[in-house]
Every structure is written in C-alpha cells, then in structure tokens.
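# Residue-level structural notes
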Amino acid sequence: IYPTQWSSRVLIPYTMDMSTGVAAGRDVHVLECDVFSEKRWKDYSESQRADMLRGELWTMVGHGARAILMWGFSRGDEFSLTNGEKNERYLSVQRMARQLKLIGIDDFRRIPAQVAVCVDPDSYIFSAGREEKPHQLSTHEDAEAHGMYSMLADSHIPADVIFTAQLQEDATTRYRAILLAGARMMDEPTAAKLREFVEKGGLLIADDPLATHDRWGRELEKPMLASLFEADR
C-alpha cells in the first residue's frame, strides 16, 4: 500500500477494508507498505514522516491486518526505513511493536460491519479500456467508491469494501445496507440477488449510471435495476 502526497485521506483504511471485505473472514497480510522515506517525502520533516508512518501502521492494524511486511532495511533506495541508523521512523516502529505485544493485539478483531461499499471490477476495466488518456475515466470510478466510503467514515459507520462477485455468495445476507459504486455493468444473477436483498428489507444505495451495460459492455435498452428505483435510467 503506497500512498502519495496527493492520495485521498481514506486510501489506507479504504484499501484495508477492501482487503478484509474480500477476504471474508480469512486473515489479511499487508505485504508492502510505505515507510515515508526522505527521498519520496521531501516536503516533510523526519518527525512528521515518523508520525505519518505510525498513523499508517495503526490504521492497518485497526482495520484488520494480521501481519505487515515493511521493505527498506538498509537498502539505500527511496523506500528505505533506515540505512542502519536509529532514526525517528525506526524508533516509532520499535515502540509500536512493543505496544502491540503489551496490549495483546493478537486477540483483536473489529466488529463485523453491517454496511458494504460494493465495487465492480468489470465496470472499472470497462472505463479504463475506453480512456484516451490513462486514468481519464477510471479515476471517476475510484472517486465514486472513495466518496461513498468517506461519507460512511465521516458518519462513524464501519464498512467493508467488497466486489460484486461476492453478491453471488453470502454478501447479501451479511449486510443490512449495500452501496453500489460505479456499477454500470450488471448481469441478471447479480441483479436478482440485489432484488431479493431489497425485498427482504435491505437498503440498496447506488449512483448513476447503474446497470446500463451487460458484462460484455453492450448497452441495455433499459437499465437492469430500473424497477428497484422506479427510474427509466
């Protein structure tokens, strides 16, 4: 997980909740994370970068990471945590490791979320494949999902981030509310699951365009979920 100085403030919790949501109860390991090196984060002091690293690691732990692999011990490149010296970032990690052991974090599990932001990878690839310039359209797909997630975070509502394929499994029985982010592509089995979810009392929130294309990218004469929202488009 490598944020940049221009990343959304919810990138790390969003990424972690997507990992835990897709893992569906299995352990989540972060196999690479940013260590906020001086070479990559030139506009920040060592103390500021140590604070950012500590915040990143606690966020990952708090959102369900069971292990975090940190690159950059004496490598001398732009991803180095230390080149042998005990800098503030290194000492922050050392202190945090002791704190985690002290409070017995191995027993920590966050309460299962009752809300899920549902991301459709097909729709993202569909947008990306039609771009004249890289990330011209696909950034909007990111922004929709991040916006929905941010809204929930600001309201102190825990949320998983899942993929539409999980709606075919047990996702519709695990959540009280599902938010569809940028789901312009849809298939009938998934649509049927969502209709059943709403009929049983679940709350479905979506943005437009919704279910306007099939899984092959062909535009539908009528959006597949139009009846749920009593809308023509």
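Just above sits the structure.
Residues numbered from 1 in each chain as written. Predicted model: local features only at pLDDT ≥ 70, side-chain atom pairs only at ≥ 80, totals over all residues. Heavy atoms only, no water.

### Side note on the sheet that holds strand 6 (residues 203-206)
Where strands meet in a sheet, backbone hydrogen bonds hold them as pairs that are either parallel or antiparallel. The parallel open sheet is built from 4 strands, whose spatial order is 4-3-5-6. The strands lining the two open edges of the sheet, one partner per strand, are strand 4 (159-163) and strand 6. Averaged over neighbouring strand pairs, the angle between their axes works out to 25° when direction is ignored. Both strand 5 (residues 177-181) and strand 6 contribute to a ladder of 4 bridges, which runs parallel. Pairing of Leu180 across the sheet is with Ala206, part of strand 6. Against the sheet, helix 1 (residues 11-23) engages strand 3 (115-119) and strand 4, with an angle of about 65° to strand 4. Sheet contacts for helix 7 (residues 188-199): strand 5 and strand 6; angle to strand 6, the most-contacted strand, approximately 130°. (Pairing = 2+ DSSP bridges. Helix = DSSP H or I, 4+ residues; strand = E, 2+ residues; numbered from the N terminus. Axes fitted to C-alpha atoms, helices over the stretch in contact; angles between N-to-C directions. Contact = heavy atoms within 4.5 Å.)

### So, the packing of aromatic side chains
When we look at a pair of aromatic rings, we describe it by the centre distance and by the angle of the planes. Here the structure, examined in full by the defined rule, presents 4 aromatic pairs. Look at Phe36 and Trp41: their rings are 4.8 Å apart centre to centre, the planes differ by 55°, and that puts the pair in the tilted class. On the basis of relative accessibility, which here comes to 3%, the residue Phe36 falls in the buried class. Judged by relative accessible area, which is 3%, Trp41 ranks as buried. One aromatic cluster is present, formed by Phe36, Trp41 and Tyr44 through successive ring pairs. (Phe/Tyr/Trp six-rings, centres within 6.5 Å; stacked < 30°, edge-to-face > 60°. Buried < 20%, exposed > 50% of the residue type's maximum accessible area, 1.4 Å probe, protein only.)

### Thoughts on unusual backbone geometry
The omega torsion across Asp208 and Pro209 is 5°, close enough to zero to call that bond cis. Locating Pro209 in the fold gives a position in the loop between strand 6 and helix 8 (226-229). Phi angles above zero are rare outside glycine, and His156 is one such case at about 60°.

### Topic: the side chain of His146
Relative to the helices and strands, His146 is located in helix 5 (residues 138-154). Taking relative accessible area as the criterion, His146 reaches 15% and is therefore assigned buried. In this structure His146 touches Ser8, Val10, Leu11 and Tyr14, once residues within four positions along its chain are discounted.

### Comments concerning the packing of helix 1 against helix 2 (residues 46-62)
In contact at an axis separation of 9 Å, helix 1 and helix 2 are set at 25° when each is read in the N-to-C sense. One finds that helix 1 runs roughly parallel with respect to helix 2. The two elements helix 1 and helix 2 meet at a crossing, and its hand is right-handed. Across from Ile12, Pro13 and Met16 in helix 1, the residues of helix 2 making contact are Glu56, Thr59 and Met60. Partitioned by chemical class, the residues of the contact of helix 1 with helix 2 number 4 nonpolar, 1 polar and 1 charged. (Parallel < 35°, antiparallel > 145°, perpendicular 65-115°, else oblique. Left-handed = near helix turned anticlockwise from the far one by under 90°. Nonpolar A, V, L, I, M, F, W, Y, C, P; charged D, E, K, R; others polar.)

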